There are 2 protein chains.
Amino acid sequence: MKIGLLGHGVVGSGVRQIIDEGATWEVRELEVVKILVKDESELTDPRCTLDFNDILNDPEISIVAECMGGLEPAHTFAKKALEKGKHVVTSNKKMLATFCMDLFETAVKSGVTVHYEASCGGGIPWMASLDRTRRVDDIEGFRGIFNGTTNYILDRMKKEGTDFSEMLSEAQKLGYAERDPSDDIDGYDVRYKVALSCVKAFDTLVNIDDITTFGIRNIRKEDLDWCAANGMTCKLIGSGKHFDGFVSACVIPTFLRGDDIFSNIPSNFNIIESQSKTLGAAAFVGQGAGSLPTAHAVVQNIVDIWKNQDPEINDKFAKPVDNQVHKGTFYIRTAKQAGFADLIDRRVGELAFITKKISLVEAAAACAAANDESLFIAEVAE
Amino acid sequence: MKIGLLGHGVVGSGVRQIIDEGATWEVRELEVVKILVKDESELTDPRCTLDFNDILNDPEISIVAECMGGLEPAHTFAKKALEKGKHVVTSNKKMLATFCMDLFETAVKSGVTVHYEASCGGGIPWMASLDRTRRVDDIEGFRGIFNGTTNYILDRMKKEGTDFSEMLSEAQKLGYAERDPSDDIDGYDVRYKVALSCVKAFDTLVNIDDITTFGIRNIRKEDLDWCAANGMTCKLIGSGKHFDGFVSACVIPTFLRGDDIFSNIPSNFNIIESQSKTLGAAAFVGQGAGSLPTAHAVVQNIVDIWKNQDPEINDKFAKPVDNQVHKGTFYIRTAKQAGFADLIDRRVGELAFITKKISLVEAAAACAAANDESLFIAEVAE
């Protein structure tokens, strides 16, 4: 089975390496025949090309593996490949989450498929396990610590009592956080992963902007002190639940009880858990990133296509996100409290309070209205 | 696809329920047509029978799901079913680990398969993930906290500073531990799971008696005190590694460093981790037991057979266990120290010492020679 590879960076070169080395008989059935690279400095292999059309117009290539990153031209190339009747495997969560409606629709029209195991959890076989679980159970919901960078920061802040900015610099020094860390600390990285988990778990396409998203940019030592004093641990949680006709989905810092397995996941580890009727809670732990683990996930998807074990044939439906059903109590710290009067259950600090049990929609609306750039909100687990 | 069910207890009734309810189109292709029960009081369903031959001689039944537990007659019934050309799915780790050579050989002769996902980790998709990983990687090794009962006891002992016997009674009261707890606390339950993980991960059949096995029956507060004072946590670990021509495999209490994710797994949770070249460490967390999760795993295997996604066609080879390659330092507490003189690196208590770096074979031989019924040994992680 012949593969065209888009991108030859961290993930792409790992895919090429795994397939070239061919450790198993399945992988030895695969062949990377062309590799799209960015510029002439990358023309390190006779298979490299600078022209996407070399791949698009090669009738022998039946799978395009997109490992470029970024929105464009990744999206356009993926779409053209699908239109040309080639399967697409992608590790690019941002691109696929942003254009999922367009790409899945194009794939259905062309009778091919989009695979994206590597886009969420890297080497953690989260998506593959959802496929397997769904053979026997409907997935009711999922939750996860989907982002290693923020988990590293929160874990260190808790253990060392340091403040956010100090730990962010530390994470940047260690290479865990990007120089522009907003995708991580504002929760957007998790939002993409929640959107793609909704596709895989529920066959549901959502508009990513509708996923209520709060990050940890404004967290302070005093917030974690209150959390710890109450026997809880703060984690950035992405979650989704499936209902008739809609889903609820959000990203929000959450104060978890000490006996919750999630509160024990340290450092830059990820954990993702599905909930279904007969399997119950099934959780996967890993570091969720890295060149070869992510490349491994891309190759697994290529093997899926080759073996024709294709779970992506299910129809997918666009459904709205509605977080009215998401009820909880929230810890909010803000200097601009005028709009919160009716929501407050009790005060827990000079500027912080715990809300009554309200919906996430109410909480988010009040936070938006407060217009406080340093506001911090976390959900308090029951 | 028609299924004969052996046993209608905790797991068997769950299998019947999941298939009867048919939540997915895959499951609706399955049908339980006969159920073997123990006695007349269990004849609660028109499909129930007291005679195994009703199932064996029904030509429509192509899969026998063994959920009886115990060695016999489970083993004989499974073997007869295989000889008759029926696939066997089993949740019975003790039976399969004990008779694996016999049963896999019989299956190969008859051109059918033995599936056993539910036998190890219950609902944790550990075995399924090994199959998937092996499409791209060879599995180099695995390790796990495979037993919830002992993890519960060790976790409570650590957190509350209590002694072993107190926590064992508590676990028995909660229904986590059996009245005769030796399978759990002496490590045999883990040994069965290690043996079956060797089959799945390495295609290797081992003699279970060759798996070096130490339990936690003799652990004392003073052992855990030393462990905690050195920043470590004690867990009962089962592990296996694959080498040319042999495997190493053992069950042993292990003092893990605080930054090891395993040391953070609380209560009665399990965690199992595979190690392979490109995926790296992939870990699965769950409670590893319960009626419906275990039944779910049985049904998944039935779907595997129905979909003809059968990873069990690989030849399996009997290989010896050799723990000479397993080198480490060990914490040993014993009043009978005569035979240990050459092995001791330093003393860490009146009766306790840390060994030099030695092989597990040396450590086990010295412990056996000491003939001390209250000896406690743990490996100390590097």
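Residues numbered from 1 in each chain as written. Chains lettered and ligands numbered in written order. Predicted model: local features only at pLDDT ≥ 70, side-chain atom pairs only at ≥ 80, totals over all residues.

Chemist: Would you mind going over the overall build of chain A with me for this structure?
Modeler: In terms of helices and strands, chain A carries 13 helices and 19 strands. Computed over its C-alpha atoms, the radius of gyration of chain A comes to 22 Å, within 12% of the 21 Å expected for a compact globule of 382 residues. Counting every position in chain A, which comprises 382 residues, the buried fraction comes to 54%. Across chain A, every contact between residues at least 6 apart in sequence was considered, and the portion connecting residues at least 24 apart equals 72%. (Helix = DSSP H or I, 4+ residues; strand = E, 2+ residues; numbered from the N terminus. Rg over C-alpha atoms; globule rule 2.2 N^0.38 Å. Buried ≥ 20, exposed ≤ 12 C-beta atoms within 10 Å, placed from the backbone. Contact = placed C-beta atoms within 7 Å.)

Chemist: Sorry if this is basic, but what is going on with the packing of helix α7 (residues 148–160) of chain A against helix α8 (residues 164–173) of chain A here?
Modeler: Helix packing geometry: the angle between the two helix axes and the distance between the axes. All names here are of chain A. Look at α7 against α8: their axes get within 9 Å of each other, and the N-to-C directions meet at 130°. Here α7 lies oblique to α8, going by the angle between them. α7 and α8 meet at a crossing whose hand is right-handed. The residues of α8 that touch α7, namely those facing Thr-149, Tyr-152, Ile-153, Arg-156 and Met-157, are Phe-164, Met-167, Leu-168, Glu-170 and Ala-171. The class makeup of the residues in the contact of α7 with α8 is 7 nonpolar, 1 polar and 2 charged. (Axes fitted to C-alpha atoms, helices over the stretch in contact; angles between N-to-C directions. Parallel < 35°, antiparallel > 145°, perpendicular 65-115°, else oblique. Left-handed = near helix turned anticlockwise from the far one by under 90°. Nonpolar A, V, L, I, M, F, W, Y, C, P; charged D, E, K, R; others polar.)

Chemist: Explain helix α1 (residues 10–21) of chain B here, please?
Modeler: A turn of α-helix holds 3.6 residues, and therefore any two residues three or four places apart point the same way. Residues and elements named next belong to chain B. Under the 1.5 Å per step criterion, the end-to-end length of α1 is 17 Å for 12 residues, consistent within 8% with the ideal 16 Å. The inward-facing, buried residues of α1 contact β1 (2–6), α2 (25–28), β2 (31–36), β4 (61–66) and α13 (291–306). Phi turns positive, to about 55°, at Gly-22, one or two residues after α1. (Expected span 1.5 Å × (residues − 1).)

Chemist: Sorry, what's going on with the relation of the copies chain A and chain B here?
Modeler: Mapping between the two chain copies consists of a rotation about an axis together with a translation along that axis. Superposing chain A onto chain B takes a rotation of 180° plus a shift of 0.0 Å along the axis, which leaves an RMSD of 0.0 Å. What we have between these two chains is a two-fold relation. Nearest to the rotation axis, the C-alpha of Phe-284 of chain A is located 2.3 Å from it, this being the minimum over chain A. Most of the interface of chain A is mirrored in chain B: 100% of its interface residues are interface residues there too. (Least-squares fit on C-alpha atoms with pLDDT ≥ 70 in both.)

Chemist: How should the sheet that holds strand β6 (residues 114–115) of chain B be read in this particular structure?
Modeler: Across a sheet, paired strands are connected by hydrogen bonds in the backbone, their directions being either parallel or antiparallel. All names here are of chain B. With respect to topology, 6 strands assemble into an open sheet ordered β3-β2-β1-β4-β5-β6, the strand pairing being parallel. Every interior strand has two partners, whereas the edge strands, β3 (48–49) and β6, have only one. Here 5 bridges tie β1 to β2, and the two strands are oriented parallel to one another. Residue pairing across strands places Ile-3 opposite Val-32, the latter belonging to β2. With respect to the sheet, α1 is in contact with β1, β2 and β4, its orientation differing from that of β2 by roughly 160°. (Pairing = 2+ DSSP bridges.)

Chemist: What's the story with the sheet that holds strand β6 (residues 114–115) of chain A in this structure? I'm lost.
Modeler: Spatial ordering of the open sheet is given by β3-β2-β1-β4-β5-β6 (chain A), a layout of 6 strands whose pairing is parallel. Edge positions in the sheet fall to β3 (48–49) and β6 of chain A, since each of these pairs with one other strand and no more.

Chemist: I would appreciate a short explanation of the interface of chain A and chain B in the present structure.
Modeler: Often, the extent of an interface is quoted as the loss of accessible area upon association of its parts. Each partner contributes residues to the interface: chain A has 41 residues there, and chain B has 41 residues. Counting residues per element, the ones that place at least two in the side of chain A that touches chain B are α6 (126–133), β13 (280–286) and α12 (291–306) of chain A. The sheet contact formed by β13 of chain A and strand β13 (residues 280–286) of chain B spans 3 bridges and is antiparallel. When the sheet's bridge partners are listed, Ala-283 of chain A is paired in β13 of chain B with Val-285 of chain B.

Chemist: Teacher, can you tell me more about the nonpolar core here?
Modeler: Looking at soluble globular proteins, one finds that nonpolar side chains tend to be buried together. In terms of nonpolar packing, the biggest core is built from 237 residues, with Val-15, Ala-65 and Val-298 of chain A together with Val-15, Ala-65, Ala-195 and Val-298 of chain B touching the most fellow members. Filtering out sequence-adjacent residues up to four positions away, Ala-195 of chain B remains in contact with Ala-97, Cys-100, Val-206, Ile-208 and Ile-211 of chain B. (Core = buried A, V, L, I, M, F, W, Y, C linked by C-beta atoms within 7 Å.)

Chemist: I'm lost on α8 of chain A in this one. Help?
Modeler: All names here are of chain A. Buried within α8 we find Phe-164, Met-167, Leu-168 and Ala-171. Along the long axis of α8, the arc covered by the buried residues comes to 105°, so they all point the same way. Looking at α8, the residues exposed on the side facing more than 90 degrees away from the buried face are Ser-165, Ser-169 and Lys-173. The elements touched by buried residues of α8 are α7 and α9 (182–185). Just downstream of α8, Gly-175 is the residue with a positive phi angle, here 80°. (Arc of directions from axis to C-beta.)

Chemist: Would you mind showing me how to read the domain arrangement of chain A here?
Modeler: Residue and element names in this part refer to chain A. You can read the domains of chain A as domain 1 (2–123 + 292–317) and domain 2 (130–287). Taken over C-alpha atoms, the centre of domain 1 sits 27 Å from the centre of domain 2. Across the contact, 18 residues belong to domain 1 and 14 residues belong to domain 2. Those elements giving two or more residues to the side of domain 1 that touches domain 2 turn out to be α4 (93–98) and α5 (100–110). With 5 residues, α4 is the largest single contributor of residues to the side of domain 1 that touches domain 2. Of the residues belonging to the side of domain 1 that touches domain 2, the class tally is 9 nonpolar, 5 polar and 4 charged. (Domains from an automatic or database assignment.)

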